[in-house]
Amino acid sequence: MPASERLQQKPWLDASLSEEERVETLLAAMTTEEKRRQLSAYMFFDTYWQKQSTTDEQERIRFVESVTPGQMVPEGGLGFVSTQLRDLPADRAAATANRLQRHILENTRLGIPAIIHDEGLHGLIGNGATVFPQALGMAASWNPGLLHHVAVAIGREARTRGVRQLLSPTVNLGRDPRAGRTEETYGEDPLLSSAFAIAYIRGVQGQEVVCTPKHFVANFEGDGGRDSAAAVFSPRELREVYFPPFRAAVEEAGAMSLMAAYNSLDGVPCSANPFLLVDVLRGEWGFEGFVVSDYHSVVHMYELHRTVASKEDAAIEALRNDMDVELPRFDCFGEPLETALAEGRVDELLLDDAVRRVLRIKFRIGLFDDPLVDVEQAVSTSNCGEHRALAREMARQSLVLLRNENNTLPFPRGLRSLAVIGPNADAIQLGDYSWDLYGKDRIVTVLEGIRSLVGERTAIHYAEGCPLTGDPGSGMDEAAALAARCDAIVLVLGSSHKLTGEARDRAELALPGVQAELARAVLDAGKPTAVVLVTGSVHTMEGWGDRAGAILQAWYPGEQGGHAVAEALFGEINPAGRLPLTWPRHTGQCPLFHYQKPSGRGYDYADLPPGPLFPFGHGLSYTRFRHANLRVGGQEAEGIPVSLEVTNTGERAGEEVVQLYIRWPVCRPAAPLLRLVAFRRAAVAAGETVQLHFRLEPARLALPDERGRMFIPAGEYELLAGASSADIRLRASFHLQ
């Protein structure tokens, strides 16, 4: 068909029109059924989990490719496709995406392309895609600039395969490590989480891929650290603590979508909460994108929350409260919404508003103008050398040296023998939201990283010692004997995505199984021992932590993590990660975080030492840093200028993470005891002094008043600079009128 004739029949394809003109022209041409289909998704869900239960890659591929576009796309079109491509290699994923889009273009009346979505918390979930460290580990880098580069890579790998929306990042706060999904977060602090959210969203959306920050709001902050438990927070606490990362995602990063949470807030399900979705998100923050449900959360209003009497009522409540898209498949927005519209129980103008928001973003990302992808480009982009190198660098920067007594680390390169022991020493642990069929041909374990680094200079001896859970059999005795005859020990402990992650919250933070017993048996050998923790969150260390010479927190470090850990153990790199959350001594302290409000009595327990095991922002180095000359300038429109000097007083290069906090000596309403207001990761050569400059933006000094309105308290402020929330090196005061 000639281009002129095509534009005459479908004028919304004219790229010279404005975005709004294209949206309105297309909307005017749509039937009610075509509109409704744009708010729904396809997922071959009845057999999806059956497919996921097999570990045969070729069987999974055959399953996906057996589903034809004709089975997926109704006559009225299709708005979204859920996770359909993840089991396909890059070339077949791209080809499958093209077949789907061509079918829509050729076999539906209006030819509106679908948005294919998947997850991308620490890499696109896709067969062959690059696996970066888990999100909490990336936050431990305290380097949003590096995360931006990671996000660009994730966006490129998604875009070239035909995935145009990522249900990421998770910007809920991780304030209670009992929550299994803590590993998905950027930690406990609103400012740190906001900075990483902005970096991720800008990186991914720069590749014409929609970001969907989630889960709005307080999804992991309910009672007991349980995922999606009911949340009850005052408007002040929401605006001070839980809203900031979402607000930053919308106002500063320009997120084009947002996911509502499973939980209720003050008794109202977040999936149809007028305060959250209408008043705050759209009214106050000016959000113009579309809101999606967490998977099945619309029907959960009927089945779980029981705030509505039917699926029709659930659909009506969702539309009335600006919930635009139901994921992962047709349900309440299927026949129930069709019935409600036919009976006049919901105004079609509400349907139009939701469709506008979806179409607007489809035009904005160029989906109408360029719906197909280049198969060869998908192959050349997926897990390319640049992305593998980036995964290795992020793994390096994510490592946190928690303990290093008597300079146990780094190990000398001249060791004659090294025992590598533990259930995670040679295990692939990528964490939740990862493609699950990777083997050791792609993923570097700690054991393989050590072997690759030291070569034949050191004899490497390996023993599992015990499984992550269950009976160790004779393994523990073998491990203890091996430890006794080697010069030094690397003990690799931790967890897996089968023990923590979504729907796997924990009542107890101790190491799973008999790993603590293994640690004690190995430490009894009295050899220099470095414990490496490969985990998604924190584990308490009662009975063994204070006996370990060194403890290196590796998180789930991604496909190159084994190399990074080995480099840190032997001093090829100097670890500089810092904790993005507070590390408790005991599970009974939870929730525990640095952003505390004043107590009417005390802050500790009678039967525990005071404070956490490791504070927020903690992390050691193989060198030493001195902070000096903290200066605070006068108040300016853009904020308050601050500077200080950092000197590396050690004998090797390193990176310091300088953290600035404020404290209000007097404030009403009651202010937090400590608030992070700025941070910087800086490389400093041995003997070098660098000057760092900061600007305290007004918003970082604001608090909500009794009615939830943000204001900047007048009066005196105390500025604290240091290496963690508990390691304050410098102090200064300033006054605001």
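Summarised in this report is the structure supplied together with it. (Residues numbered from 1 in each chain as written. Predicted model: local features only at pLDDT ≥ 70, side-chain atom pairs only at ≥ 80, totals over all residues. Heavy atoms only, no water.)

**Some remarks on the side chain of S398**
Position of S398 relative to the elements: it lies in helix α19 (residues 385-398). Within polar-contact distance, the side chain of S398 engages the backbone oxygen of A395 at 2.8 Å. (Helix = DSSP H or I, 4+ residues; strand = E, 2+ residues; numbered from the N terminus. Polar contact = N/O pair within 3.5 Å; in protein donor to acceptor, adjacent residues only side chain to side chain.)

**Considering the sheet that holds strand β16 (residues 625-632)**
Strand order in this open sheet of three strands is β16-β17-β20, and the pairing throughout is antiparallel. Every interior strand has two partners, whereas the edge strands, β16 and β20 (689-696), have only one. Averaged over all pairs of adjacent strands, the angle between their axes in this sheet comes to 20°, without regard to strand direction. Direction of pairing for β16 relative to strand β17 (residues 640-648): antiparallel, over a ladder of six bridges. (Pairing = 2+ DSSP bridges. Axes fitted to C-alpha atoms, helices over the stretch in contact; angles between N-to-C directions.)

**Here's the deal with the sheet that holds strand β23 (residues 715-724)**
Judged by pairing direction, the sheet is antiparallel, and its four strands sit side by side in the order β19-β18-β23-β24 without closing on themselves. One side of each edge strand has no neighbouring strand; the edge strands of this open sheet are β19 (675-684) and β24 (727-736). When strand polarity is set aside, the average angle formed by the axes of neighbouring strands in this sheet is 20°. Note: strand β18 (residues 654-663) against β23, five bridges, orientation antiparallel. The residue of β23 that forms the bridge with L660 is A721.

**Some thoughts on the environment of I104**
Summarising the element assignment, I104 is placed in helix α7 (residues 90-107). By relative accessible area, I104 is classed as buried at 0%. Considering only alpha carbons, one finds I104 and E75, 29 residues apart in sequence, at a separation of 9.3 Å. Setting aside its immediate chain neighbours within four residues, I104 contacts V73, G111, I112, P113 and A114. (Buried < 20%, exposed > 50% of the residue type's maximum accessible area, 1.4 Å probe, protein only. Contact = heavy atoms within 4.5 Å.)

**Thoughts on α7**
Relative to the 26 Å expected for 18 residues at 1.5 Å per residue, α7 spans 26 Å between its end C-alpha atoms, a close match to the ideal helical length. Those residues of α7 lying buried are A90, A93, A94, T96, A97, N98, L100, Q101 and I104. Packing partners of the buried residues in α7 comprise α5 (57-66), α6 (69-72), β2 (80-82), β3 (115-118), α9 (144-161) and α18 (375-381). (Expected span 1.5 Å × (residues − 1).)

**Quick word on the packing of aromatic side chains**
A full pass over the atoms with the stated rule returns 16 aromatic pairs. Ring plane angle 35° and centroid distance 5.5 Å describe the contact between Y186 and F196, whose orientation is recorded as tilted. In this pair, Y186 sits in the loop between β4 (165-166) and α10 (190-205) while F196 sits in helix α10, placing the two residues ten residues apart along the sequence. Here the two residues Y186 and F196 agree in accessibility, since each one is buried. Ring centres of W664 and Y717 lie 5.8 Å apart, and the angle between their planes is 55°; this geometry places the pair in the tilted category. With a gap of 53 residues between them, W664 in the loop between β18 and β19 and Y717 in strand β23 connect regions that are remote in the sequence. (Phe/Tyr/Trp six-rings, centres within 6.5 Å; stacked < 30°, edge-to-face > 60°.)

All quantities given are derived from atomic positions and should not be read as evidence of function.
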